[in-house]
Amino acid sequence: MRKTLLALAAGLLLAGSVSAASAADKLKVGFIYLGPVGDLGWTYQHELARQALVKELGDKIETTFLENVPEGPDAERSIEQLVRAGNKLIFTTSFGYMDPTLKVAKKYPNVHFEHATGYKRDKNMSTYSAKWYQGRYIQGLIAAKMSKSGVLGYIGSFPIPEVVSGINATILAAQTINPNIKVKIIWANTWFDPGKEADAAKALIDQGADVIMQHTDSPAAMQIASERGKFAFGQDSEMIKFGPKTQLTSILDTWAPYYIARVKAELDGSWKSEDSWGGLDSHMFAMAPYTNMPDDVKKIAEDAQAAITAGKLHPFKCPVIGQDGKEIECKGGANLADGQILGMNFYVKGIDDKLPGK
Amino acid sequence: MELVEAIILSVLAASTPLLIAATGELVTERSGVLNLGVEGMMIVGAACGFGGAWLTGSIFIGALFGIVAGTLMSLVFALMALGLAVNQVATGLALTILGVGLSGLIGARFVGERITPAAHLHIPGLTDIPLIGRILFGEDAFVYFSLALIIGVWWFLYRTRAGLILRACGDNHVSAHALGYPVLKIRMLAVMFGGACAGLAGAYLPLAYTPFFIPGMTAGRGWIALALVVFASWRPGRLVIGAYLFGAVTILQLHAQGWGVGIPSQFMSALPYLATVIVLVLLSRARTGGSTAPAALGTVFVPDR
């Protein structure tokens, strides 16, 4: 009896972790997700893109996803599982899958891999990411306009370049509206812990911030801001449900165009290893509707969005002044070079805080 | 001064789920059973609690759903660890993994829904007293209940005969059995109490803390509750101190960052756990006083019939 129970339990576990449709001769495309597909944030947006992909090319492909796959060496097994199941193109959708993906890629040269937000590539491994700092710049403009106290609250996940460049872009934009704008930064040291994110939002509001920005994944901060009658920006996905009178806008991850393009390339044999780092112009992300703000603020945001999309406005236009008052070396001509943004590990002038580890 | 009040309010809210879950686990462990499945029972409690409140519109019914769900989860554990005498550590870990998966399944249709969070007490006059009014008379029902619960548990363990028997089972199940006490039955009730508390603690999160359900929203609080029981050296009084200390450190480190205090946030996040390790060392070095673990904790008991 006990053996039967164990076998049954093991069977259920396996059945629960893989969901796939079966068909022969179709291109098999696999996805590795960090969180549950219902996280309403990062993983959810990848899942929406997968669904769009199926809608577009469903007659030619077959997709599989594994959710809740922890980052780190353990991910290797999950990626390999997808390879053995016959997937020829595999998207690994979080930074922490970088080394595991590379390892599996070296082992299976005939399978193509797409790794999100990383920097290591190989003949059969591409990387893709989005220039979210462009969206953060627009948010900075809105925040400075909407803040009465002149204090913005920023919840960070981990002090990695992607988050740091977001903070810098925000404050550089805000300074163009209000040169004395202040930002309080709290690191949650997690991507996802609704309780802690809510506590961080409460702490920021209690300390005088009246516009909350987040680089963590749950809608908790939005919900607290809504409870306290402040403003906030969503993250990754549309969060207006959690703050109908609170959300100013949100940076929406829109991976669908990229996924469709890459799968099409795989289908016609033109796939090759690339590094795609797209912005508003290539629709790697989008801005949610500008809500809960007066028309003049909305106009500023829309104008900035148009200018960034057209390439006329760059958030890191030189000169960029560092916290120590010295100008940052300008390696990209008129703007900071992409590499400087991708590896950003300094705060700009106007942030009275110390970057952890500096 | 308003900031102090705001901080204390946040600390109380952050500590309450830890206190409730740890209270249940304390009783379970005092009976000699180590249930490592607190996190799993909590997250199922969160999913069911939110579901109950969302379907009926009542926070109270939501809390009941959470309690029932946690109890049912603990019965799975009791069946395996007590009924079939399976290794408790392995069963507890399995219960957590089961709970995380099950909660996602139960909660899938509630993701993205919102409810009105639990109401806060408001007594005209008293609640409006500056500084202490909202802290003493303006909490939600869970906060008051958690304190009543731990006082009740203290009274039960140290002032009643039933509590003495429960502790006897935890310290020496062979003797308790020889004296004619139904060790397994007592342990099952203790495990169920632990499950009910964990379920309620989990339900607190979507019902009062952040009024929505998202898979994985307990984010390790069940493990903190387990650490708290050790931190408290299995004593209710120390458990209260420990729970509020953990809550206070969590909230204060966030405020310290906002003020720009130069202590690394990672270090401050690690402080409560460091404190647990230090307490464990101190406990093992203290020759007298300071009760240590129940002697039969985690050992399987199979009565010879």
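These numbers were taken from a predicted model, which means no experiment stands behind them.

*Asks:* How do you make sense of helix α3 (residues 59-83) of chain B when you look at a structure like this?
*Replies:* An α-helix turns once every 3.6 residues. As a result, residues three or four positions apart point the same way. Residues and elements named next belong to chain B. With 25 residues, α3 should reach 36 Å at 1.5 Å per residue; the first-to-last C-alpha distance of 34 Å fits that figure. At Phe77, α3 shows its strongest bend, of approximately 25 degrees. Phi for Ala85, located one or two positions after α3, is positive at around 55 degrees.

*Asks:* How do you make sense of the packing of α3 of chain B against helix α4 (residues 88-107) of chain B when you look at a structure like this?
*Replies:* Packed helix pairs are specified by the crossing angle of their axes together with the interaxial distance, meaning the distance between the axes. All names here are of chain B. Direction vectors running N to C along α3 and α4 enclose 150 degrees, while the axes themselves pass 10 Å from each other. The orientation of α3 relative to α4 falls into the category roughly antiparallel. The hand of the α3/α4 crossing is right-handed. Across the interface between the two elements, Met73, Val76, Phe77, Met80 and Ala81 from α3 touch Gln88, Thr91, Gly92, Leu95 and Gly99 from α4. Grouping the amino acids of the contact of α3 with α4 by side-chain chemistry returns 6 nonpolar, 4 polar and no charged.

*Asks:* What am I meant to see in the sheet that holds strand β13 (residues 285-287) of chain A here?
*Replies:* Pairing between sheet strands relies on hydrogen bonds along the backbone, with the strands arranged either parallel or antiparallel. Residue and element names in this part refer to chain A. Taken in spatial order, the 6 strands make up an open sheet running β8-β7-β9-β10-β11-β13, and their pairing is mixed. Bordering the open sheet on either side are β8 (182-187) and β13, each of which pairs with just one other strand. Strand-to-strand twist in this sheet, taken as the mean axis angle between neighbours without regard to direction, amounts to 15 degrees. The pairing of strand β7 (residues 151-156) with β8 spans 6 bridges and is classified as parallel. Looking at the pairing, Gly153 lines up with Lys184 of β8.

*Asks:* Hey, could you run me through the environment of Ala275 of chain B in this one?
*Replies:* On the secondary structure map, Ala275 of chain B appears in helix α12 (residues 265-285). On a C-alpha basis, the gap between Ala275 of chain B and Leu245 of chain B in space is 9.9 Å, while along the polypeptide they are 30 residues apart.

*Asks:* Would you explain the interface of chain B and chain A in this entry?
*Replies:* For an interface, size is often stated in terms of accessible area lost upon the parts coming together. Contact residues are listed per partner, giving 34 residues for chain B and 34 residues for chain A. Looking at side-chain class alone, the side of chain B that touches chain A contains 18 nonpolar, 15 polar and 1 charged residues.

*Asks:* Even after reading the chapter, I still don't get the pairing of strand β6 (residues 125-130) of chain A, so can you show me in this structure?
*Replies:* Residues in a regular strand point their side chains to alternate faces of the sheet. Residues and elements named next belong to chain A. The element β6 is largely enclosed, with a buried count of 6 among its 6 residues. Both faces of β6 are covered, namely the face carrying Met125, Thr127 and Ser129 and the face carrying Ser126, Tyr128 and Ala130. By the bridge criterion, 4 bridges tie strand β5 (residues 112-116) to β6 in an arrangement that is parallel. Bridge assignment links Ala116 to a residue of β6, and that residue is Tyr128. In terms of strand pairing, β6 meets strand β12 (residues 275-278) through 4 bridges, oriented parallel. Opposite Ala130, over in β12, you have Gly278 as the bridge partner.

*Asks:* Is there a simple way to explain the confidence of the model for chain A in this structure?
*Replies:* In low-pLDDT segments, the atomic positions of the prediction should not be examined closely. Residues and elements named next belong to chain A. The predicted model of chain A averages 90 in pLDDT, with 93% of residues at 70 or higher. When mean pLDDT is compared element by element in chain A, helix α5 (residues 132-146) scores highest at 97, while strand β1 (residues 19-20) scores lowest at 44. Scored below 50 in pLDDT, residues 1-5 makes 1 contact in the model with residues more than four places away or belonging to other chains. Confidence drops under a pLDDT of 50 for residues 8-23, and excluding neighbours within four residues, the segment shows 8 contacts in the predicted structure.

*Asks:* What's the story with the packing of helix α2 (residues 38-56) of chain B against α3 of chain B in this structure? I'm lost.
*Replies:* All names here are of chain B. Packing of α2 against α3 leaves a shortest axis separation of 7 Å and a crossing angle of 145 degrees. α2 and α3 meet at a crossing whose hand is right-handed. Note on element contacts: α3 touches α2 through Ile59, Ile61, Gly62, Ala63, Leu64, Phe65, Gly66, Ala69, Gly70, Met73 and Ser74, opposite Gly40, Met41, Val44, Gly45, Cys48, Gly49, Phe50, Gly51, Gly52, Ala53 and Thr56. Classifying every residue of the contact of α2 with α3 by side-chain character gives 12 nonpolar, 10 polar and no charged.

*Asks:* Just checking my understanding: could you explain the confidence of the model for chain B for this structure?
*Replies:* Per-residue pLDDT for chain B has a mean of 90; in total, 98% of the residues score no lower than 70. Overall fold confidence (pTM) sits at 0.85, and the ipTM for the predicted complex is 0.85.

*Asks:* Whenever I open this one, the pairing of β5 of chain A confuses me. Can you help?
*Replies:* Residues and elements named next belong to chain A. Burial runs high along β5: 5 of the 5 residues are buried. Side chains His112, Glu114 and Ala116 project from β5 onto one buried face, and the interleaved Phe113 and His115 project onto a second face that is buried too. Where strand β4 (residues 89-92) lies against β5, 4 bridges are found, and the strand directions are parallel. Residue pairing for β5: Ile90 is matched across the bridge by Phe113. You can see the chain leave β4, run along helix α4 (residues 98-107) and come back into β5, and the turn it takes is right-handed.

Each value, and the rule that gives it
- Residues numbered from 1 in each chain as written.
- Chains lettered and ligands numbered in written order.
- Predicted model: local features only at pLDDT ≥ 70, side-chain atom pairs only at ≥ 80, totals over all residues.
- Helix = DSSP H or I, 4+ residues; strand = E, 2+ residues; numbered from the N terminus.
- Expected span 1.5 Å × (residues − 1).
- Bend = angle between axes of the 7 residues up to and from the residue.
- Axes fitted to C-alpha atoms, helices over the stretch in contact; angles between N-to-C directions.
- Parallel < 35°, antiparallel > 145°, perpendicular 65-115°, else oblique.
- Left-handed = near helix turned anticlockwise from the far one by under 90°.
- Contact = placed C-beta atoms within 7 Å.
- Nonpolar A, V, L, I, M, F, W, Y, C, P; charged D, E, K, R; others polar.
- Pairing = 2+ DSSP bridges.
- Buried ≥ 20, exposed ≤ 12 C-beta atoms within 10 Å, placed from the backbone.
- pLDDT = per-residue confidence, 0-100.
- Right-handed = clockwise from strand over helix to strand, strands pointing away.

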